[in-house]
Amino acid sequence: MYLNTEKKRTIFQENSLRGDAQDTGSPESQVALFTHRIAHLTEHLKQHRHDKSTELSLLKLVGKRRRLLNYLSRIDIERYRVLIKKLGIRR
C-alpha cells in the first residue's frame, strides 16, 4: 500500500507542532496527511482520466483540507501561514 504506518508516522512527526509522531489530531498533521493523499490521487488521475470514483474521493479530500485550513486560519493565522508555506499549497 502507498501509505503504510511508517509513512504516516513520518508525516505526522514532520508536521506536528511538538514534533511528535503521536500528535495525529492537530490540524497541521491532518492537513499534511490530506495533502499527501491528494498528491497521490492526482497522479493516479493523470493516468486514469475516466476513474470517476477516484475523482469524487479527490474532491472530498480537497474539501476536508479546505475546511481544516479555514478553521486553522480563524484560530491562529500564524500557524496557518507557516503550514501553507511548509506544504507549498498556495502559490
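Everything below is about the structure shown above.
Parameters and conventions
- Residues numbered from 1 in each chain as written.
- Predicted model: local features only at pLDDT ≥ 70, side-chain atom pairs only at ≥ 80, totals over all residues.
- Heavy atoms only, no water.
- Buried < 20%, exposed > 50% of the residue type's maximum accessible area, 1.4 Å probe, protein only.
- Helix = DSSP H or I, 4+ residues; strand = E, 2+ residues; numbered from the N terminus.
- Arc of directions from axis to C-beta.
- Contact = heavy atoms within 4.5 Å.
- Core = buried A, V, L, I, M, F, W, Y, C linked by side-chain atoms within 4.5 Å.

Visitor: Tell me what's going on with helix H1 (residues 5-15), and back it up with residues and numbers.
Guide: The set of residues buried in H1 consists of Ile-11, Phe-12 and Asn-15. Taken down its axis, H1 places every buried residue within 95° of arc, on the same side. Facing away from the buried side of H1 by more than 90 degrees, the exposed set consists of Thr-5 and Glu-14. Where H1 is buried, its residues touch helix H2 (27-47) and helix H4 (77-87).

Visitor: Break down the nonpolar core for me, with residues and values.
Guide: Counting seven residues, the largest nonpolar core is built from Val-31, Leu-69, Leu-72, Tyr-80, Leu-83, Ile-84 and Ile-89. Where this core is concerned, the elements lending two or more residues are helix H3 (52-75) and H4. Ranked by residues supplied to this core, first place goes to H4 with three residues. In this view, Ile-89 contacts Val-31, Thr-35, Arg-65, Leu-69 and Ile-84; residues no more than four positions away in its chain are not counted. In terms of nonpolar packing, the next biggest core, distinct from the first, is built from six residues, Leu-41, Leu-45, Leu-58 and Leu-61 among them.

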